[in-house]
Amino acid sequence: EAGVAQSPRYKIIEKRQSVAFWCNPISGHATLYWYQQILGQGPKLLIQFQNNGVVDDSQLPKDRFSAERLKGVDSTLKIQPAKLEDSAVYLCASSLVLTGTDTQYFGPGTRLTVL
Amino acid sequence: AQTVTQSQPEMSVQEAETVTLSCTYDTSESDYYLFWYKQPPSRQMILVIRQEAYKQQNATENRFSVNFQKAAKSFSLKISDSQLGDAAMYFCAYRSEGSGNTPLVFGKGTRLSVIA
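About the criteria used
- The numbers attached to residues start from 1 for each chain and follow its sequence in the written order.
- In the order they appear in the text, chains get letters beginning with A and ligands get numbers beginning with 1.
- Local features in a predicted model are, by the rule used here, given only for residues with pLDDT of at least 70; side-chain atom pairs are given and counted only at 80 or more, and totals for whole chains, interfaces and linings are based on all residues.
- Based on all heavy atoms of the structure, the side-chain values leave hydrogens and waters out of the count.
- Put simply, DSSP marks the helices as runs of H or I at least four residues long and the strands as runs of E at least two long, and each gets a number from the N terminus on.
- We compute the radius of gyration over the C-alpha atoms and compare it with the globule rule, which gives 2.2 Å times the number of residues raised to the power 0.38.
- Type-normalised accessible area, obtained with a 1.4 Å probe on protein chains alone, sets the label of each residue: buried when under 20%, exposed when over 50%, and partly exposed for intermediate values.
- Whether two residues touch is decided by their heavy atoms; if any such pair falls within 4.5 Å, the residues are in contact.
- With residues, only the protein chains shown are counted as cover, and all accessible areas are computed by Shrake-Rupley using a 1.4 Å probe.
- Charged-residue counts in this description rest on Lys and Arg as positive and Asp and Glu as negative, His and the chain ends being excluded.
- For charged residues, the charge sits on one atom: NZ in Lys, CZ in Arg, CG in Asp, CD in Glu.
- Whether two strands pair depends on DSSP finding at least two bridges between them.
- Put simply, two rings from Phe, Tyr or Trp (the six-membered ring, in Trp's case) pair if the centres are within 6.5 Å, and we call them stacked under 30 degrees between planes, edge-to-face over 60, tilted for the rest.

S.K.: In this structure, what is going on with the overall build of chain B? I would like to understand it.
M.R.: Secondary structure summary: chain B contains 0 helices and 12 strands in total. Listing each helix as α and each strand as β along chain B from the N terminus yields β-β-β-β-β-β-β-β-β-β-β-β. At 14 Å, chain B has a C-alpha radius of gyration in line with the 13 Å of a compact globule built from 116 residues. With the C-alpha coordinates of chain B rotated into their principal frame, the extents come out at 45 × 30 × 20 Å. Expressed as a percentage of the 116 residues in chain B, the buried residues total 47%. Contacts spanning at least 24 positions in sequence make up 55% of the contacts within chain B whose residues lie at least 6 apart. Put simply, chain B shows about 5,700 Å² of open surface, and 44% of that area lies on carbon and sulfur atoms. Each charge sign in chain B was given a centre, from 11 positive and 11 negative side chains, and these centres are 4 Å apart.

S.K.: Explain the pairing of strand E12 (residues 110-115) of chain B to me, please; I cannot follow it from the model alone.
M.R.: As a general feature of sheets, a regular strand has side chains that alternate between the two faces. Residues and elements named next belong to chain B. Where burial is concerned, the two faces of E12 differ: the one with Thr110, Leu112 and Val114 is buried and the one with Arg111, Ser113 and Ile115 is not. Pairing between strand E2 (residues 10-14) and E12: 5 bridges, direction parallel. For Met11, the partnering residue across the bridge sits in E12 and is Leu112. One ladder, built from 3 bridges, connects strand E10 (residues 88-96) with E12; its direction is antiparallel. Bridge pairing in E12 places Ala88 opposite Leu112.

S.K.: Whenever I open this one, unusual backbone geometry confuses me. Can you help?
M.R.: It is generally the case that most residues other than glycine have a negative phi and that most peptide bonds are trans. Residue Pro8(A) is bonded to the preceding Ser7(A) through a cis peptide linkage, with omega at -10°. One can find Pro8(A) in the loop between strand E1 (5-7) and strand E2 (10-13). In this structure, Lys71(A) takes a positive phi of about 60° despite not being glycine. Note on Lys71(A): relative accessible area 80%, which makes it exposed. Even without a glycine there, the phi angle at Asp81(B) is positive, about 50°. Looking at where Asp81(B) falls in the secondary structure, it is placed in the loop between strand E9 (74-79) and E10.

S.K.: Where do I start with the packing of aromatic side chains in this structure?
M.R.: In this description, a pair of aromatic rings is defined by centroid distance and the angle of the planes. Residue and element names in this part refer to chain B. Summed over the entire model, instances satisfying the criterion amount to 15 aromatic pairs over all chains. Pairing Tyr25 with Tyr94 gives two aromatic rings, centres 6.0 Å apart and planes at 40°, and the pair type is tilted. Taken as a pair, Tyr25 in strand E4 (residues 24-26) and Tyr94 in strand E10 lie far apart in primary sequence, 69 residues in all. Like Tyr94, Tyr25 is buried. An angle of 90° between the planes, with centres 6.2 Å apart, marks the rings of Phe91 and Phe106 as edge-to-face. With Phe91 in strand E10 and Phe106 in strand E11 (residues 105-106), this residue pair connects regions lying 15 residues apart in the sequence. For Phe91, a relative accessible area of 1% puts it in the buried group.

Keep in mind that these numbers describe shape and distance, not what the molecule does.
Structure, rendered in structure tokens:
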């Protein structure tokens, strides 16, 4: 079974530029998550989708971050414009169903450096 | 809001020995789930073990086991017969019970080194 795929793996941009990350969840997984992991900290949820609808985006900085999940499969996360403090690893995860005990499977992440 | 605290930023263990990683959490809820995730240097995070709060029996997965103390809000991970491949960041995480519309709340992690 293929895992969660993410691209690119690494990205370096200058502040005020735009950047987009892509995630392909495990086939059949209805729930998709985007996390931000700043160096030295645990992941923090940015947004959660159930199929193509947003379940929770309370911690997404909506003035600069946006995300979509068209057709309930792939998802993209965009930052526009980027700030220095956005330097982090962006993790995508998916799970089969939307329950508290369901296992979340994580992708390898995209490491973003903002100069 | 729930919080998860991992008080050991770094730990080390000799190969084949046993190590315990600590985790405490703060919540007013009675039903919830607790998890330990492992993040190797390649950064792909994987689930190690999970515990449902309503279960009194501690979860076990091969060499990994937990000591769940609900009253003390403590959830430690014990790794027996440590192997070089166990070297990684370990994150403790909490998730509320409910319809599923609840995020995982992670601690800051413990970096485990395994010494040959």
